[in-house]
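Take a look at the letters that make up each chain.
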Amino acid sequence: MEDVSIYNSNGKRNGRTLDHLRHVESMATMPSGAGKIPRLNAVILEMYRRSIEDPAGFWSDIASEFYWKQKWGQEVYSENTDVRNGTISIEFKGGITNICCNCLDRNLESGISDKFALYWEGNEPGVDGSLTYRQLLERVCQLANYMKDIAVRKGDAVVIYLPMLMELPIAMLACARIGAVHSVVFAGFSAESLAQRIVDCKPKVVLTCNAVMRGSKIIYLRDIVDKALTESTGNGISIDTCLVFENQLAMKREATKWHEGRDVWWQDVVPKYPTTCSVEWVDAEDPLFLLYTSGSTGKPKGVLHTTGGYMIWTATTFKYAFDYKPSDIYWCTADCGWITGHSYVSYGPLLNGATVVVFEGAPNYPDSGRCWDIVDKYNVTIFYTAPTLYVTRYSRKSLRVLGSVGEPINPSAWRWYYNVVGDSRCPISDTWWQTETGGFMITPLPGAWPQKPGSATFPFFGVQPVIVDEKGTEIEGQCSGYLCVKGSWPGAFRTLYGDHERYETTYFKPFPGYYFTGDGCSRDKDGYHWLTGRVDDVINVSGHRIGTAEVESALVSHPQCAEAAVVGVEHEIKGQGIYAFVTLVEGVPYSEELRKSLVNAVRNQIGAFAAPDTIHWAPALPKTRSGKIMRRILRKIASRQLDELGDTSTLAEPAVVDQLIALGNSKI
Ligand code: 6R9
């Protein structure tokens, strides 16, 4: 291994040292418990080195394994000077391809047409289904043909509001096949949130189903869409077609409310279409999808991903971070309504020809052993979930690799996952990434280097994470600060839909020259990365990203709420819980009823998953003299770290703090 140098002659590239990997090299030559760490380390390190020193060559080689109608030009780079201060972005410029063709047609040609693409496990145990690669392609083509017939064209937006039925990945792939831009809205979002997204992206068609069972509860999705469409019409958006899948397990069509002329039963039209459909070839930089995510202001951001880079990124990260082998059975518990479901239920695994378990239900229904029953039933070998998933019981024999995502996993949870679930056999890939990054950014690669419980370890190929201080100066060695990324990577989002300025301000202005992640991070003496959570006003509840501003605006829309401030607090099960300080309109008394109605306002405007766990009545909020709410203090009060309130002297009315503490104690 001594022959492998991970540096160029001066140990630098473009002024950047590979210091954060220097120690890994030394570890690779160190005897470990199991003797020398395998040769793989050196191979991986060499790949990483090349990905940084020769990104064009590195990504071109990988991209060549995919189908391109026309190859990209000489350079995979493009100068994106206006946004990134000259930083290159990796775009496969000039390439023409289609991601659906790469997920399906290309894999079929490689001879896996009868391999299972999807195993579907319904809400009720015993209710299931499956599709081979060939069958999946046929379903996708039928829906694609239908959409073409109702004049959905390349570049048109399609909103998908579906639960985890097989029709959800089918719908995504069908859009991709015809060059339409899908925007999946998590089926837990309320009508108002759905309407907001519809108004923003103006889809040609909305795809949904009549209802779904979530645990023992029924949710009438079509009626939610109906309400959202009525609201959208009020905002000047008219949608001609709403395609409704009849989800018979939840509700028969006879019982479904209907908007004649607009609503169309999926089963009445789609199966009539041919099972082949030509591919719409798109430019590598043509948009693939929009996914709305929370930011630090009230309005959700339409994160836009394009085709070529995203395809290469999700495929490659999936393959390496999960050490994917063709015989694996892979299950990711995320819903396709979030980025994890886009990249690691649909695209990443299907691009690799993997067999994917799609689970409709809730992890604790009918009981908390459900997840492990599913692992056993399908012999799942790679299991990818959020640390807050409610899991008990014991190890499962089939498991080989475990993944974690969504929030920092604390060392004791890590050990539990490793020892109990993985039987101390399975490496854990703690994958740090974001909606914006398209795929994994910092993650262990199984077996490549020693793990540390709770650390996401090192960057994926091509990623250069940097930690900066308040002034934006890069800090070397052991340190903690703001996590940024230098340079670009293929899976990077390209803009915020309709608001490129916000894209620049949010991500590239805070620390000029870098992409700012919004996360805090520390690096230990061995160079391992430890994510410490968001440093902005975004909270992570059970792996769902929620902007405090969104919850606040839902609360203040309540006629009796004068002001609200929301912070995240540690929560045993959800990772973070939502803690809301609420000031009522003058003269309105506190009451349990009012508390409930405030929580309902959030449920109705965002969705049940964003409902506050605690409402803390606040006669007033602590503000600076310029009127800014001091969230730092509110966070301390919420987590009862009262001896850590810090300097309160800059407050306009310091007494407010004591009042809040007193009220918190009385637990109203
Ligand atoms: C993939 C996803 C992104 C935010 C991100 C960070 C947190 C995700 C993490 C993690 C620590 C991990 N996050 N993975 N924190 N360790 N392995 O979750 O995307 O919904 O956009 O959330 O989630 O705070 O900034 P998204």
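This section reports on the structure supplied with the text. From a predicted model like this one, the values you see are computed outputs, not experimental measurements.

**Notes on the sheet that holds strand β5 (residues 68-70)**
If you walk across this open sheet you meet the three strands as β5-β8-β18, and the pairing is antiparallel. The sheet is open, and its two borders are formed by β5 and β18 (282-283), each paired with just one other strand. Direction of pairing for β5 relative to strand β8 (residues 96-97): antiparallel, over a ladder of two bridges. Bridged to Q70 within β8 is I96.

**Considering the site of the ligand**
Taken together, the neighbourhood of the ligand is formed by 17 residues, with D430, T431, T435, D519 and R545 sitting nearest. Between an oxygen atom of the ligand and a side-chain N or O atom of D519, the distance comes to 2.6 Å. In this structure, R534 approaches the ligand through a side-chain N or O atom, which is 2.8 Å from an oxygen atom. Within the residue set of the shell around the ligand, elements represented by two or more residues are α13 (339-351) and β31 (529-534). Looking at the shell around the ligand residue by residue, the classes come out as six nonpolar, six polar and five charged.

**With respect to the nonpolar core**
Core analysis: the largest hydrophobic core is formed by 171 residues, its most contacted members being L143 and L555. Beyond its immediate stretch of four places on either side in the chain, L143 contacts I170, A171, A174, L207, L243, W266 and V270. Listed in part, the 20 residues of the second largest apolar core include W331, V357, I374 and F383.

**Some thoughts on the pattern of salt bridges**
For the structure on display, the rule yields 40 salt bridges. Among the ionic pairs, K574 bridges to D613, the shortest N-O distance being 2.5 Å. Residue K574 is located in the loop between β34 (561-571) and β35 (575-584), and its partner D613 is located in the loop between α18 (592-605) and β36 (614-617); the two are separated by 39 residues in the primary sequence. For D613, a relative accessible area of 31% puts it in the partly exposed group. Here E592 and R595 are joined by a salt bridge, their closest N and O atoms 2.9 Å apart. Taken together, the positions of E592 and R595, both in helix α18 and three residues apart, correspond to about one turn of that helix. Judged by its relative accessible area of 42%, E592 falls in the partly exposed class. By relative accessible area, R595 is classed as partly exposed at 21%. In this structure, a network of salt bridges that share partners links the residues R222, D223, D226, K257, R262 and D263.

**Let's talk about the packing of helix α6 (residues 105-112) against helix α7 (residues 133-149)**
The contact between α6 and α7 brings their axes to 10 Å, and the two run at 155°. What the angle tells us is that α6 and α7 run roughly antiparallel. Both α6 and α7 take part in a crossing whose hand is left-handed. On the side of α6, the interface is formed by D105, N107, L108 and I112, while α7 contributes Y133, R134 and L137.

**Quick word on the sheet that holds β31**
The antiparallel open sheet is built from five strands, whose spatial order is β27-β26-β28-β30-β31. For this open sheet the edge positions go to β27 (474-475) and β31, each flanked by a neighbour on one side alone. In this sheet, β27 lies alongside strand β26 (residues 464-468) in antiparallel orientation, the contact comprising two bridges. Paired with V468 across the strands is E474, a residue of β27.

**Re the pairing of strand β11 (residues 157-161)**
Counting buried positions over the five residues of β11 gives five, a clear majority of the element. Side chains of β11 alternate between two faces, with A157, V159 and Y161 and V158 and I160 buried alike. Judged from the four bridges that link them, β11 and strand β12 (residues 181-184) form a sheet pairing that is parallel. Note on β12: the bridge partner recorded for I160 is V184. Crossover β11 to β12 through helix α8 (residues 167-178) is right-handed. For β11 and strand β13 (residues 205-209), the ladder comprises four bridges, and the chain directions are parallel.

**Quick notes on unusual backbone geometry**
The peptide bond linking Y365 to P366 adopts the cis configuration, its omega dihedral lying at -5°. By secondary structure assignment, the location of P366 is in the loop between β22 (355-359) and α14 (370-378). Within the chain, K202 stands out as a residue other than glycine whose phi angle is a positive 45°. Topologically, K202 is positioned in the loop between α9 (191-201) and β13.

**A word on empty space enclosed by the protein**
Enumeration over the complete set of coordinates arrives at five cavities of 30 Å³ or more. Of the volumes computed, that of the second largest cavity is approximately 60 Å³. N98, I99, A176, G179, A180, V282, D286, P287, L288 and T307 together form the lining of the second largest cavity. In terms of residue class, the lining of the second largest cavity is built from six nonpolar, three polar and one charged.

**Structural notes on the packing of aromatic side chains**
Considering all chains together, one arrives at 54 aromatic pairs under this definition. Ring geometry for W72 against F92: centres 5.4 Å apart, planes inclined by 75°, an arrangement best described as edge-to-face. One end of the pair, W72, is in the loop between β5 and β6 (77-79); the other, F92, is in the loop between β7 (88-90) and β8, and 20 residues separate them in sequence. According to the relative accessible area criterion, W72 is buried, its value standing at 10%. On the basis of relative accessible area, F92 is assigned to the buried category, the value being 0%. Geometrically, the ring pair formed by F511 and F516 is edge-to-face, given 5.0 Å between the ring centres and 80° between the ring planes. The residues F511 and F516 share a single accessibility class, namely buried.

The rules behind the values
Residues numbered from 1 in each chain as written. Predicted model: local features only at pLDDT ≥ 70, side-chain atom pairs only at ≥ 80, totals over all residues. Heavy atoms only, no water. Pairing = 2+ DSSP bridges. Helix = DSSP H or I, 4+ residues; strand = E, 2+ residues; numbered from the N terminus. Near = heavy atom within 4 Å. Polar contact = N/O pair within 3.5 Å; in protein donor to acceptor, adjacent residues only side chain to side chain. Nonpolar A, V, L, I, M, F, W, Y, C, P; charged D, E, K, R; others polar. Core = buried A, V, L, I, M, F, W, Y, C linked by side-chain atoms within 4.5 Å. Buried < 20%, exposed > 50% of the residue type's maximum accessible area, 1.4 Å probe, protein only. Contact = heavy atoms within 4.5 Å. Salt bridge = Lys/Arg side-chain N within 4 Å of Asp/Glu carboxyl O. Axes fitted to C-alpha atoms, helices over the stretch in contact; angles between N-to-C directions. Parallel < 35°, antiparallel > 145°, perpendicular 65-115°, else oblique. Left-handed = near helix turned anticlockwise from the far one by under 90°. Right-handed = clockwise from strand over helix to strand, strands pointing away. 1 Å grid on protein atoms, 1.4 Å probe; cavity = no way out; pocket = protein on both sides within 12 Å on 5 of 7 lines; lining within 4 Å. Points joined across faces, edges and corners; volume = space filled by probe spheres on them. Phe/Tyr/Trp six-rings, centres within 6.5 Å; stacked < 30°, edge-to-face > 60°.

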